[in-house]
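Each chain is listed here by its residues.
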Amino acid sequence: MADSPAQPARPLRLNARLAARTATAALLIGLAAWAGSWLAMRQGLAALEQVAAQRLEVAATRLDAQLARFDFLPSLLETSPEVMQFFMHPGDGQRAYGVNLYLQSLNAIAGSDNLYLVDRSGTAIAAADFALPGTPYGRDLSYRPYVRDALASGRGHFYGLGVTTARAGYYLSYALPSQGAALGLATVKVDLAGMEQEWRQLPGPVLVVDEHQVAILSSRDDWRWRPLVALTDAARAEAAAARRYGPSSLAPLGWRDRAEGDGQARRVQVDGRRWLASTRQVHQGRWQLILLDDEAAVRASARNWAFSAALAMALLLAAGALLAARRRAIRQHLASRAALQRAHDALERKVAERTAALQAAQDELVHAGKLAVLGQLSAGLVHELNQPLAALQTVSDNADQLIQRNRLDEARDNLARIGRLVGRLKRLSSQLRLFASKPADILGSVELLRLVQELQQQLAPRLQEGGIVLSLEGLPATLAVAGDESRMEQVLANLLGNAIDALQGWPGPRRIEVVATVADGRARVAIRNNGPLIADTVLARMFQPFITTKPAGKGMGLGLMVSAHLVREFGGTLSAHNLAPTGAEFVIDLPLRRADLA
């Protein structure tokens, strides 16, 4: 009894050991995930930076080439006597008009946006666009940095919005000297919108920032004229005096440097999104070209690697735990064998009961399937026998009337036709049992015109009763296709009968045409009527069983399904289409007989 207070000590030790092992496993899994993520992120960013460096080199070279393309143009005007004389006589209107035309021609040849002259007071005295609205011609531009710099040092560079056109451009000015003094300036404006258009084809955003870190060029319109960070008061004052950025609010982009890349790239955040920024100095160091690549794909890969590493560590730890558990399981095996055997026996009983139940359900399903197949086969048999029986009834009635009228020759013809119909019924009864199987014999040759003419005679009473004209002019006399004559007769009889049914009650002329064309070793036989259109909902399911547009009791919706099946056995297809403005056609596409192919 004195030892009883010490009994809880063992469970406490077990709980503490379990907690320590759990904490250690969690720490190892976390370290594996961190290592996988760090390695994948490092490799992914390095690969991304390498690809970006190639795009950056191309973009920088293209931009510098575009800027340098027009360097010669302002200095070229120094060689023009007319231009130099005009600076000495700026008030000469005729000379001014000639210089304007000269600038206009030179600007058009060079492909620059504008070309103009500025006197020493900063006023534009001639321009290529002198006759257009928004021209700088006659305006005071002395506040522009490129004017001040060129008058002071001989050359000036500037990028900003045009004060007269509100179109951005790069301005390059060049002092035109005479006897050691500048007579004035020649200025060329270059449109760099084409570069922005090219950058839009690159995977990520591209921008160029000036000395104030303001985005003066950008593949994204909403980033243009926005500084990377907020401008100082002095920078705002200078930009306002030079009218660099026009009416832009200069709202910062929210650019924030996050970390340095492995190379020259930086990891930054812009408007809450993370990018890898690759930069390069352009325009002789005056501007900075920045290419941004989204880190999302790299981060996603890093997450996958972290998950994989954590999973691998978890599996490794689980394998160790399983080995330890196995040792314990072996010790417990003998004691638990009896319990496992009882559980096994109970499970076997449940499996046997469930198997018996499933077998009963399967037997019921098979029985139901047999009943469904039997019903469909019976319906198909009735449908296939209905047409020749109806024709047999009509021909026998006619034969009786002909005998009563002593027209024996015609009666003999009808009796011969009855014999052929009986033969057809015999063939049907022998072939319907092959409906679900593939024919083993080689297909024969079917002469379509003769077969359709026989059907025309059988259907003559229905055609006359409905006032329907059946035209066979489009069916060549020598056309023969590969197939079985009796089955082809079933198909054509069904399609012609359906066409007659479609024209019942149709106002105006009623016409059925059988037209055939031959191409690429195949015959395309179309049976057309000028009756009503087939509804789209019916047309989409036309060849499914039990789909019909006929009134109840007039059709079972199996004829077209059977016909399509028979045509497929001949290596062909059966399709249905609406015509315009009215009517429908059923098209049989079949291979020609072998003799015609040879």
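These remarks concern the structure in this document.

Conventions used here
Residues numbered from 1 in each chain as written. Predicted model: local features only at pLDDT ≥ 70, side-chain atom pairs only at ≥ 80, totals over all residues. Heavy atoms only, no water. Buried < 20%, exposed > 50% of the residue type's maximum accessible area, 1.4 Å probe, protein only. Helix = DSSP H or I, 4+ residues; strand = E, 2+ residues; numbered from the N terminus. Contact = heavy atoms within 4.5 Å. Pairing = 2+ DSSP bridges. Axes fitted to C-alpha atoms, helices over the stretch in contact; angles between N-to-C directions. Patch = residues over 30% accessible without salt bridge, like charges linked within 9 Å, V, L, I, M, F, W, Y side chains within 5 Å. Areas by Shrake-Rupley, 256 points an atom, 1.4 Å probe, with all protein chains shown as cover. Salt bridge = Lys/Arg side-chain N within 4 Å of Asp/Glu carboxyl O. Phe/Tyr/Trp six-rings, centres within 6.5 Å; stacked < 30°, edge-to-face > 60°. Lys NZ or Arg CZ within 6 Å of the ring centre and 35° of its normal. Parallel < 35°, antiparallel > 145°, perpendicular 65-115°, else oblique. Left-handed = near helix turned anticlockwise from the far one by under 90°. Nonpolar A, V, L, I, M, F, W, Y, C, P; charged D, E, K, R; others polar.

## Some thoughts on helix H5 (residues 145-153)
Link 1 in the chain: Residues of H5 that are buried: Pro145, Tyr146, Val147 and Ala150.
Link 2 in the chain: Residues of H5 that are buried in the fold lie against strand S1 (114-119), strand S3 (155-161), strand S4 (168-178), strand S5 (181-190) and helix H7 (233-242).
Link 3 in the chain: Note on H5: the residue one or two positions beyond its end, Gly154, has a positive phi of about 100 degrees.

## Thoughts on the sheet that holds strand S2 (residues 124-127)
Link 1 in the chain: What the five strands build is an open sheet, ordered S2-S1-S5-S4-S3; its pairing is antiparallel. Of all strands in the sheet, those with a lone pairing partner are S2 and S3, marking the two edges. Averaged over all neighbouring strand pairs, the angle between strand axes comes to 25 degrees, with direction disregarded.
Link 2 in the chain: Inspection of the sheet shows S4 paired to S5 by nine bridges, in the antiparallel sense. Residue pairing across strands places Ala175 opposite Leu185, the latter belonging to S5.
Link 3 in the chain: Here helix H4 (residues 93-110) sits on the sheet in contact with S1 and S2, set at roughly 140 degrees to S1.

## A closer look at a nonpolar patch on the surface
Link 1 in the chain: On the surface, a nonpolar cluster with roughly 270 Å² of combined accessible area is contributed by Leu27, Leu28 and Leu31.
Link 2 in the chain: Take Leu28: its relative accessible area is 34%, and that puts it in the partly exposed class.

## Describing the pairing of S5
Link 1 in the chain: Across the 10 residues of S5, eight count as buried, placing the element largely inside the fold.
Link 2 in the chain: Direction of pairing for S1 relative to S5: antiparallel, over a ladder of six bridges. Bridging from a neighbouring strand, Val118 pairs with Leu185 of S5.
Link 3 in the chain: Connecting S4 to the antiparallel partner S5 that follows it, the hairpin turn spans two residues, and Gln179 within it adopts a positive phi of roughly 55 degrees.

## Considering the environment of Thr573
Link 1 in the chain: Topologically, Thr573 is positioned in strand S17 (residues 573-578).
Link 2 in the chain: C-alpha separation for the pair Thr573 and Asp589, spaced 16 residues apart in sequence, amounts to 5.2 Å.
Link 3 in the chain: Contacts of Thr573, omitting those with residues within four sequence positions, involve Val567, Val587, Ile588 and Asp589.

## Looking at the packing of aromatic side chains
Link 1 in the chain: Considering all chains together, one arrives at nine aromatic pairs under this definition.
Link 2 in the chain: Ring geometry for Tyr146 versus Phe158: centroids 5.8 Å apart, planes at 35 degrees, classification tilted. Here Tyr146 is found in helix H5, whereas its partner Phe158 is found in strand S3, with 12 residues between them in sequence. Of the two residues, Tyr146 and Phe158, neither departs from the other in class, the shared state being buried.
Link 3 in the chain: The rings of Tyr159, Tyr170, Trp225, Tyr245 and Trp287 are connected pair by pair, giving a single aromatic cluster.
Link 4 in the chain: Against the face of Tyr171 rests Arg144, its NZ or CZ located 5.7 Å from the ring centre.

## Brief notes about the packing of helix H3 (residues 81-88) against H4
Link 1 in the chain: As a packed pair, H3 and H4 sit with axes 10 Å apart at the nearest point and diverge in direction by 140 degrees. It follows from the interaxial angle that H3 and H4 lie oblique. Pair H3 / H4 crosses with left-handed handedness. Mapping the contact onto sequence places Glu82, Val83, Gln85 and Phe86 in H3 and Arg95, Ala96, Val99 and Tyr102 in H4.
Link 2 in the chain: Of the residues in the contact of H3 with H4, the class split is five nonpolar, one polar and two charged.

## Observations concerning the sheet that holds strand S15 (residues 510-519)
Link 1 in the chain: Ordered by their spatial adjacency, five strands build an open sheet running S13-S15-S16-S18-S17, and the pairing between neighbours is mixed. Each end of this open sheet is capped by a strand with a single partner; those strands are strand S13 (468-471) and S17. Each strand axis lies, on average, 15 degrees off the axis of its neighbour in the sheet, ignoring direction.
Link 2 in the chain: Direction of pairing for S17 relative to strand S18 (residues 584-591): antiparallel, over a ladder of six bridges. Residue pairing for S18: Leu574 is matched across the bridge by Ile588.
Link 3 in the chain: Across the sheet, helix H14 (residues 559-569) touches S17 and S18, and the angle it forms with S17 is around 135 degrees.

## Some words on the pattern of salt bridges
Link 1 in the chain: Applying the stated rule across the entire model yields 25 salt bridges.
Link 2 in the chain: Residue Glu211 is joined to Arg244 by a salt bridge in which the shortest nitrogen-to-oxygen separation is 3.0 Å. One end of the pair, Glu211, is in the loop between strand S6 (206-209) and strand S7 (215-218); the other, Arg244, is in the loop between H7 and strand S8 (256-260), and 33 residues separate them in sequence.
Link 3 in the chain: In this structure Arg244 comes out as buried when scored by relative accessible area, which is 7%.
Link 4 in the chain: The closest approach of N and O atoms between Glu410 and Arg407, which form a salt bridge, is 2.8 Å.
Link 5 in the chain: Take Glu410: its relative accessible area is 36%, and that puts it in the partly exposed class.
Link 6 in the chain: One salt-bridge network, held together by shared partners, links Glu196, Arg200, Asp221 and Arg224.

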